[in-house]
Number of protein chains: 2
Amino acid sequence: MADILHRVGVKTPTPEKVYDALTTVEGLAGWWTVDTKGSGDVGGVLEFRFPVGGFDMEVVELRPSERVAWRVVDGPEEWIGTTIDWDLRQDGDYTIVLFKHQGWKEPVEFMHHCSTKWGSFLMSLKSLVENGEGAPAPQDVQISDWH
Amino acid sequence: MADILHRVGVKTPTPEKVYDALTTVEGLAGWWTVDTKGSGDVGGVLEFRFPVGGFDMEVVELRPSERVAWRVVDGPEEWIGTTIDWDLRQDGDYTIVLFKHQGWKEPVEFMHHCSTKWGSFLMSLKSLVENGEGAPAPQDVQISDWH
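Quick caveat, the model's predicted, so the values are computed rather than measured.

Caption draft 1: Structural context of the overall build of chain A. Helix and strand counts for chain A come out as three helices and seven strands. Ordered by position in the sequence, the α and β elements of chain A form the string β-α-α-β-β-β-β-β-β-α. The C-alpha extent of chain A, read off along each of the three principal axes, is 40 × 30 × 25 Å. When burial is assessed residue by residue, chain A has 51% of its 147 residues classed as buried. Side chains of chain A carry 13 positive and 24 negative charges; the gap between the two charge centres is 5 Å.

Caption draft 2: Molecular detail of the side chain of Ser124 of chain A. Residues and elements named next belong to chain A. Inspection of the secondary structure assignment puts Ser124 in helix H3 (residues 109–131). Looking at Ser124, the relative accessible area reads 5%, which means it is buried. Separated by 2.9 Å, the side chain of Ser124 and the backbone oxygen of Trp31 make a polar contact. Reaching out from Ser124, the side chain makes a polar contact with the backbone nitrogen of Ala135 at a distance of 2.8 Å.

Caption draft 3: Here's a closer look at the packing of helix H1 (residues 16–23) of chain B against helix H3 (residues 109–131) of chain B. Residue and element names in this part refer to chain B. At a minimum axis separation of 10 Å, H1 and H3 run at an interaxial angle of 125 degrees. Regarding the angle of H1 to H3, the classification is oblique. Along this stretch, H1 crosses H3, giving a crossing that reads as right-handed. On the side of H1, the interface is formed by Lys17, Val18, Ala21 and Leu22, while H3 contributes Leu125, Leu128 and Val129. Here the residues of the contact of H1 with H3 are counted per class, giving six nonpolar, no polar and one charged.

Caption draft 4: Layout of the interface of chain B and chain A. Every contact between the two is made by 29 residues of chain B and, on the other side, 29 residues of chain A. Both sides together, the interface formed by chain B and chain A hides about 2,300 Å², and carbon and sulfur atoms give 56% of it. It is Leu5, Arg7 and His112 of chain B in chain B that bury the most area against chain A; as a group they hold 30% of the surface buried on that side. Counting across the chain B and chain A interface gives six salt bridges. Put simply, Asp145 of chain A and Arg7 of chain B hold a salt bridge, and the shortest N to O gap is 3.2 Å. Inspection of the chain B/chain A interface yields 20 residue pairs in polar contact (both at pLDDT 80 or more). Of all elements in the fold, only strand S1 (2–11), strand S6 (83–91), strand S7 (94–104) and H3 of chain B reach the threshold of two or more residues within the side of chain B that touches chain A. By residue number, the principal contributor to the side of chain B that touches chain A is H3 of chain B, which donates nine residues.

Caption draft 5: Examining the packing of aromatic side chains more closely. Inspection of the entire model under this criterion finds 38 aromatic pairs over all chains. The ring of Trp146 of chain B carries the charged tip of Arg7 of chain A above its face, separated from the ring centre by 3.5 Å.

Caption draft 6: Local environment of the sheet that holds strand S5 (residues 67–74) of chain B. All names here are of chain B. A sheet is described by the order of its strands in space; here seven strands give the open sequence S1-S7-S6-S5-S4-S3-S2, paired in antiparallel fashion. On the outer flanks of this sheet lie S1 and strand S2 (35–38), each paired with one strand and no other. Taken pair by pair, the neighbouring strands of this sheet meet at an average axis angle of 20 degrees, ignoring direction. In this structure, strand S3 (residues 45–49) lies alongside strand S4 (residues 54–63), joined through five bridges in antiparallel fashion. Residue pairing in the sheet places Arg49 in a bridge with Gly54 of S4. Contacts between H1 and the sheet are confined to S1, S4, S5, S6 and S7, with S5 contributing the most and set at about 15 degrees to the helix. Where H3 meets the sheet, it contacts S1, S6 and S7, and its direction lies at approximately 15 degrees from that of S1.

Caption draft 7: Structural detail: the relation of the copies chain B and chain A. Here chain B sits on chain A after a turn of 180 degrees about the axis and a move of 0.0 Å along it, with an RMSD of 0.0 Å. Expressed as a symmetry operation, the mapping of one chain copy onto the other fits a two-fold axis. Judged by C-alpha distance, Gly119 of chain B is the residue of chain B that lies nearest the rotation axis, at 3.2 Å. Interface overlap between copies: 100% of the residues of chain B at the interface are likewise at the interface in chain A, consistent with a symmetric, same-surface contact.

Caption draft 8: Fine view of the environment of Gln102 of chain A. All names here are of chain A. Position of Gln102 relative to the elements: it lies in strand S7 (residues 94–104). A relative accessible area of 25% means that Gln102 is categorised as partly exposed. In this structure, the C-alpha to C-alpha distance between Gln102 and Val60, residues 42 residues apart in sequence, is 14 Å. Beyond its immediate stretch of four places on either side in the chain, Gln102 contacts Ala2, Asp3, Thr82, Thr83 and Asp85.

Caption draft 9: Here's a closer look at the pattern of salt bridges. In this structure the tally under the stated criterion is 28 salt bridges over all chains. Across the pair Arg63 of chain A and Glu66 of chain A runs a salt bridge whose closest N-O atoms are separated by 3.3 Å. By relative accessible area, which is 38% here, Arg63 of chain A ends up partly exposed. The salt bridge partner of Lys117 of chain B is Asp140 of chain B, with a shortest N-O separation of 3.0 Å. Placement of the pair is Lys117 of chain B in helix H3 and Asp140 of chain B in the segment after H3, with a sequence separation of 23 residues. The exposure classification of Lys117 of chain B matches that of Asp140 of chain B, with both residues buried.

Reading the values: rules and limits
Residues numbered from 1 in each chain as written. Chains lettered and ligands numbered in written order. Predicted model: local features only at pLDDT ≥ 70, side-chain atom pairs only at ≥ 80, totals over all residues. Heavy atoms only, no water. Helix = DSSP H or I, 4+ residues; strand = E, 2+ residues; numbered from the N terminus. Buried < 20%, exposed > 50% of the residue type's maximum accessible area, 1.4 Å probe, protein only. Lys, Arg positive; Asp, Glu negative; His and termini not counted. Charge placed at Lys NZ, Arg CZ, Asp CG, Glu CD. Polar contact = N/O pair within 3.5 Å; in protein donor to acceptor, adjacent residues only side chain to side chain. Axes fitted to C-alpha atoms, helices over the stretch in contact; angles between N-to-C directions. Parallel < 35°, antiparallel > 145°, perpendicular 65-115°, else oblique. Left-handed = near helix turned anticlockwise from the far one by under 90°. Contact = heavy atoms within 4.5 Å. Nonpolar A, V, L, I, M, F, W, Y, C, P; charged D, E, K, R; others polar. Buried area = accessible area lost by both parts, 1.4 Å probe. Salt bridge = Lys/Arg side-chain N within 4 Å of Asp/Glu carboxyl O. Phe/Tyr/Trp six-rings, centres within 6.5 Å; stacked < 30°, edge-to-face > 60°. Lys NZ or Arg CZ within 6 Å of the ring centre and 35° of its normal. Pairing = 2+ DSSP bridges. Least-squares fit on C-alpha atoms with pLDDT ≥ 70 in both.

The structure is reproduced here in structure tokens:
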């Protein structure tokens, strides 16, 4: 098993805006992909679509302003059954976001790509909350031939 | 043990410019930190310094335009003894860079930070080779309170 880890600090007085950006369709569409649908409630499924492919995430845990956890129920084979956790805490002027995409069976090349891509999308989340403007797909930062 | 993985594609006709940016003091200073000194030859030590702290890397393997491997011989405690591998290959218009920072003893919060930071510096490497301009420290992209 292998995991993707990230940490960013979002300059904002409380974690609430970050939590909203992770739990509402409007928030998620502002930094990950504009084509986001579904339910952000526990037990609901969020549907993220990209110019090529997409992911369905079951929301497995929500603790307001503290924690969001998803389980991948549809998408690329390597993603199915993996989990994505977001832990938030306030530290001075920053909301610290600890991100884990856990349970990859093998550290395949696609995992390398997804790791860099997640980092880039976390910067998009940071920008959305700090400046009101993220870079969600299809206007996301291109990192390679795999986009 | 835990690893940081990344993948970027650098739009350039051959891997040679990417290899140069990983093996010369001038190249490394163009995307990672302007304060880079030492020897990029096998057995040599490269010294990377940042506004706070730094890393010393022993160059353990060089295969022109294909592979660069370093071992961390000094720096933060969590980094010492870890290894950093760069594998390059040409794929159409892109040089694909597969990056691995292997051998972390624990997936500590600092590892989360370094993962995101590496992704950001790989984008700086990409920009240096593609446009002639990277974002090395101290002008690097700030991702959090930890810089």
